[in-house]
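Each chain, written out:
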Amino acid sequence: MKRYVYINDSDTSPDLYRDNRISNRKYTIINFVPKNLYEQFSRFMNKYFLLIACLQLWSLITPVNPASTWGPLIFIFAVSATKEAWDDYNRYISDKQANEKNVWVVKKGIKTRIQAQDIRVGDIVWLRENDEVPCDLVLLGTSESQGVCFLETAALDGETDLKTRVIPPPCAGLTPDLLHKIKGVIECPCPDKDIRRFDANLRLFPPFIDNDLCPLTIKNTLLQSCYLRNTEWACGVAVYTGNETKLGMTRGLPEPKLTAVDAMIDKLTGAIFLFQLVVVVILGVAGNVWKSSEARKKWYVQYPKEGPWYDFIVIPLRFELLCSIMIPISIKVSLDLVKSLYAKFIDWDLHMYDEKSDTPAHAAKRCCINGVCYGNESGDALKDSDLARAIANKVPEVVKFLTVMAICNTVVPIKSASGSISYKSQSQDEDALVNAASCLHMVLTSKTGNFLDMNFNGLVLRYEILDTLEFTSDRKCMSVVVRDCQNGRIMLLSKGADEAIFPCISSEQQVRPVVEAVEHFAQLGLRTLCLAWRDLKEDEYRDWSIMYKEASSSLIDREWKVAEVCQQLEHNLELLGATAIEDRLQDGVPETIETLRKAGINFWMLTGDKQNTAIQIALLCNFISPEPEGQLLLIQGKNLDEVSRSLERVLLTMRISSTEHKDVAFIVDGWTLEIILKHHYEAFTDLAMLSRTAICCRVTPSQKAQLVELLKACDYRTLAIGDGGNDVRMIQEAHIGVGISGREGLQAARAADFSIGKFRFLKRLILVHGRYSYNRTAFLSQYSFYKSLLICFIQIFFSFVSGVSGTSLFNSFSLMAYNVFYTSVPVLMSVLDKDLSERTVMQHPQILFYCQAGRLLNPSTFAGWFGRSLFHAAVVFLVTIHAYSNEKSEMEELSMVALSGCIWLQAFVITLETNSFTILQHAAIWGNLIAFYVINFIVSTIPWAGMYTIMFRVCKQPAYWLTMLAIIILGMGPITALKYFRYTYRSSAINILQQLERSQPNTHSNPNLEAPIKNMEREVSPLSVTHPKSSKASVYEPLLCESPSTKRAAGVAAFDFLQASPSRLSIIYSRSKNN
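Residues numbered from 1 in each chain as written. Predicted model: local features only at pLDDT ≥ 70, side-chain atom pairs only at ≥ 80, totals over all residues. Heavy atoms only, no water.

### Focus: unusual backbone geometry
Now for step 1: Of note in the backbone geometry, Lys 394 takes a positive phi value of approximately 55° without being a glycine.
Now for step 2: Position of Lys 394 among the secondary structure elements: in the loop between α10 (385-392) and α11 (396-407).
Now for step 3: Judged by relative accessible area, which is 44%, Lys 394 ranks as partly exposed.
Now for step 4: The phi dihedral of Asp 715 falls on the positive side, at around 75°, and the residue is not glycine.
Now for step 5: By the secondary structure assignment, Asp 715 is in the loop between α22 (701-713) and β29 (716-722). (Helix = DSSP H or I, 4+ residues; strand = E, 2+ residues; numbered from the N terminus. Buried < 20%, exposed > 50% of the residue type's maximum accessible area, 1.4 Å probe, protein only.)

Listed below in structure tokens is the structure:
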């Protein structure tokens, strides 16, 4: 499908396309209630509670007032709906501000000021410096004589460097008056969300140009939400408006990721639901049996002789309503709330804040020209005297080399008022190369339209850029076709990866010296680029130019057709040499990786670098160990058979080495990996299960995502970390995605669940925030089930003394307040609990094994809470029945005493399970207890509330307070004794660290920790491994990650809290490589 945009012609361009009104709202006033209810009831749990609430409307079966279920249900729904409404209102305000912003538009040759929402496709929009682009435009003119403008795209892709945008050649030289009158048509594809691509054609109508077709690319566009910078004015024609812009098409909610904790909670909920059905069936049958046998013998029980046909289901349904509170209605809302708090804790963590917003990490260090290496002795080619002498003598090969460095790029020179020249670049490598060329006296001084000027040792050189063959991840190289204005020669200048350049070199040239130099640079951990050159004949270029223009004008498969045409020109090149760029490692990367390894986390490094470069980087950052402590196995081959044999050898060696205490890793390149994933997927899966460390070099973005998917299939819990746009797919595929914000932009950060400013912050993110959030969520979720089971078991016990009739011991208000008010606030304060200090956690990462093994949330721990609820229910019920079993006691008094016992027990349970207390926690626990009495005293003054004077009567009785004391002693005594015994005589490693912390709270370096930590390693090392699905050797938890070269401050994107699971954990770490 195509779209035809007629420029500046409202008559020819009918309103076929939408206006520029932006709408990110999810709801409207009319559809909010039905749509929100539909979304909430799409969850199984909400449907279940709605069914229970509807059943309670049947007066024959309901044991309590329907308000006991409808109240909490409406409250929970209201909280969720209010949050949705507030978020949607904020989106509406944001949309309103954007839609009502004033912009300048040319209509019928006259510049008019209108609101942004009134822009139509085909209108010419006029922008001034620092203006926000209101819709997607094709650039037609700028204030710059070079025909360029500068764009800040941080709001679109997060990249902080200014982008250069150029006007199409047919529009070059047009004055503002002519731009007001311009006419033409743009043939472009229908709206899509690819912000890196725009394949279109422009045809201007006479008298501007004689219907000549001009291809358009993304470099000719100004996309919505970008800002015009360092340019006085620019104008463009609107091609996509409103929600049809590229930014509008990318908007949307990401698919939610199910964490291991959420999955476990779902399983436990399912188990409780099945238990509930069993209880309902047993008690329902027992109730019907008692009713048909014993009940009719009691004179005070009046059952009709013959009931309706559905009489046999009445008692089971009553028990279903009584037992429905086994599943806490508020657990989902509570978990969502604490997840938001976890996100804020990360956001507020000053230890993860980085003030430096930009850390340049690239510098050209060495080079090889015509087989001669420069910079080896001094470590810096810019200070090499031999190179300086060659430049002074104008050695032809050196001049050619510097010419390619200065010209073959997309850098734009900016001259300041003082005459100094700075460069605007979209690539750090290009910026490094152009600055290096400038230091070596080949200075790029200006670019005007298709012409550029350079100054070489005082000599001014001018070149005309005829065509630019842009870099792509598939081609891995870039070329420009230029004409030397001094002599009219046409030349092809190329630069790119060695694997892309070497096959294009003339067979007559000896390339071995450069190949050896590239290998040497790679072994030093430097990133290499090869430079090449070829003279073109006029006829050859003319014929090729026709094919290139035809391919560039194609709207279908343009990128593939252009690449095919480029190959026809990029051959028989003259290899000039290679550059070596230092990509400096961030501070703290080796220490972070070493610490996380101690926590039982595996690392895979996925990079586009050369094999030797990847190995050196891995050694520098403690990714792999050098010989003899470590061993690196190479998987390689030129064909399927060689790859198969190599993989088999590595797999065999890995299996043998799995029993040895040796750090064994393997390395594979992208080409070999493609063969393996296609023909040996199962064998590579086996290798992944055995490997703690892997290096995958020369891999593409799609291969990164494939590897994450493979590790997930191995039952690994994966974390992917990256800092570039080519890491987005990997980050989105992983269980946990971490983006590093920096100079390469925020694409990775915005696609991730977490955003951090430095790689070293990953250690704190996992060990501190990840561990705390797991511990707190494990307690909160199990406690939520405990408090619901406690009240439900008391109801079940009461049924045995009430003829198994399904009668409720508690009144409707008590049941409703129990879930909503009495038990919710104290447990939410668990988000402040810390079992160990942050310093201890960071010093002893091995304790993360407990989380990885799922020791705090699993069927076993849940069974403990289940047993505790059953025991406490028995204590509360039996003590209460015994104390208030005389004839003077009313059922309402019995109910209030039992409820009070539950509240007192829960206060002491939370106190016992809390490791560190703050004022807020004390206020929540004991303030909630006081609030319980205040609320019930107030309700007891209301005659129609069903509790009239009850609280006043029971509190006056000494038996009430003695009963509370007995419940606390009998309920908490055994639990406290068991906890004390385990803490003192069966201490875990965490208990030992807690004891040491409390005995030496201010000691920063504790030598006494060595012995308990060794004991802890022996204790938890079996927990850090789990048996895979197949009968392979067990493995540590793996984690996925991207490049350590990262920059900015800490912040949280879409939050999916870190937690460990019984699954193994793997970090996938990807190193970005730009052009």
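### Details of the packing of helix α21 (residues 681-690) against α22
Now for step 1: For the pair α21 and α22, interaxial distance at closest approach is 10 Å and the crossing angle is 70°. With respect to each other, α21 and α22 are oriented roughly perpendicular. Of α22, the residues touching α21 (which contributes Tyr 681, Phe 684, Thr 685 and Ala 688) are Leu 707, Leu 710, Leu 711 and Ala 713. (Axes fitted to C-alpha atoms, helices over the stretch in contact; angles between N-to-C directions. Parallel < 35°, antiparallel > 145°, perpendicular 65-115°, else oblique. Contact = heavy atoms within 4.5 Å.)

### Notes on the confidence of the model for the protein
Now for step 1: Of all residues in the protein, 86% have pLDDT values of 70 or greater, and the mean over the chain is 81.
Now for step 2: Low pLDDT, under 50, characterises residues 357-361; the stretch is placed with eleven contacts to residues that sit more than four places away or in other chains.
Now for step 3: Contacts for the low-pLDDT stretch residues 1020-1064, under 50 throughout, to residues beyond four places or in other chains number 238 contacts. (pLDDT = per-residue confidence, 0-100.)

### Observations regarding the pattern of salt bridges
For side chains of opposite charge, pairing can occur when their charged atoms come near one another.
Now for step 1: All told, the structure shown has 40 salt bridges when counted by the stated rule.
Now for step 2: Close ionic contact of Lys 83 with Asp 87 constitutes a salt bridge, the shortest N to O distance being 3.4 Å. Note that Lys 83 and Asp 87 are positioned in helix α3 (residues 67-99) at a spacing of four residues, about one turn of the helix.
Now for step 3: Glu 893 is the partner of Arg 953 in a salt bridge, and the nearest nitrogen-oxygen pair spans 3.4 Å. Placement of the pair is Arg 953 in helix α33 (residues 950-956) and Glu 893 in helix α31 (residues 891-913), with a sequence separation of 60 residues.
Now for step 4: In this structure Arg 953 comes out as partly exposed when scored by relative accessible area, which is 28%.
Now for step 5: Sharing partners across several salt bridges, the network here consists of Arg 197, Asp 199, Arg 558 and Glu 559. (Salt bridge = Lys/Arg side-chain N within 4 Å of Asp/Glu carboxyl O.)

### Quick word on the packing of aromatic side chains
Now for step 1: By the definition in use, this model includes 30 aromatic pairs.
Now for step 2: Residues Phe 908 and Trp 926 carry aromatic rings whose centres are separated by 5.8 Å and whose planes lie at 75° to one another, so their mutual orientation is edge-to-face. Note that Phe 908 is positioned in helix α31 and Trp 926 in helix α32 (residues 919-939), a separation of 18 residues in sequence.
Now for step 3: According to the relative accessible area criterion, Phe 908 is partly exposed, its value standing at 28%.
Now for step 4: Each member of the aromatic cluster is reached from another via a ring pair, and the members are Tyr 822, Phe 932, Tyr 933, Tyr 960 and Trp 961.
Now for step 5: Between Arg 3 and the ring centre of Tyr 17, over which it is positioned, the NZ or CZ distance is 3.9 Å.
Now for step 6: A cation over a ring is seen here: Arg 868 above Trp 865, with NZ or CZ 4.4 Å from the ring centre. (Phe/Tyr/Trp six-rings, centres within 6.5 Å; stacked < 30°, edge-to-face > 60°. Lys NZ or Arg CZ within 6 Å of the ring centre and 35° of its normal.)

### Some points on the side chain of Lys 246
Now for step 1: Mapped onto the fold, Lys 246 is located in helix α6 (residues 246-250).
Now for step 2: In this structure the side chain of Lys 246 is engaged in a polar contact, spanning 2.8 Å, whose partner is the side chain of Asp 192.
Now for step 3: Beyond its immediate stretch of four places on either side in the chain, Lys 246 contacts Asp 136, Asp 192, Lys 193, Asp 194, Ile 195, Arg 197, Phe 198, Ile 218 and Leu 223. (Polar contact = N/O pair within 3.5 Å; in protein donor to acceptor, adjacent residues only side chain to side chain.)

### Quick word on the sheet that holds strand β8 (residues 184-189)
Now for step 1: Spatial strand order, β1-β8-β9-β10: four strands in an open sheet with antiparallel pairing. Where the open sheet ends on each side, the last strands, each with one partner, are β1 (2-7) and β10 (213-216). The sheet shows a mean angle of 20° between the axes of neighbouring strands, taken without regard to direction.
Now for step 2: Here four bridges tie β8 to strand β9 (residues 200-204), and the two strands are oriented antiparallel to one another. Counted as the bridge partner of Gly 184 is Leu 204 from β9. (Pairing = 2+ DSSP bridges.)

### A word on the sheet that holds strand β6 (residues 148-152)
Now for step 1: With antiparallel pairing, three strands are arranged side by side in an open sheet as β7-β6-β12. In this open sheet, the two edge strands, each paired with only one partner strand, are β7 (163-166) and β12 (227-229). Here the average twist between neighbouring strands, direction ignored, is 45°.
Now for step 2: Across four bridges, β6 lies against β7 in antiparallel orientation.

### Quick notes on the nonpolar core
Burial of nonpolar side chains together is a common tendency in soluble globular proteins.
Now for step 1: Counting 140 residues, the largest nonpolar core has Phe 623, Val 738, Ile 756, Leu 762, Ile 794 and Tyr 960 as its most contacted members.
Now for step 2: Sorting elements by how many residues they give to this core places helix α25 (residues 761-800) first, with 23 residues.
Now for step 3: In terms of nonpolar packing, the next biggest core, distinct from the first, is built from 49 residues, Val 105, Cys 171, Ile 218 and Leu 228 among them. (Core = buried A, V, L, I, M, F, W, Y, C linked by side-chain atoms within 4.5 Å.)

### Re the environment of Tyr 772
Now for step 1: One can find Tyr 772 in helix α25.
Now for step 2: Look at Tyr 772 and you get buried, because its relative accessible area is 4%.
Now for step 3: Between the C-alpha atoms of Tyr 772 and Leu 832, which are 60 residues apart in sequence, the distance is 9.1 Å.

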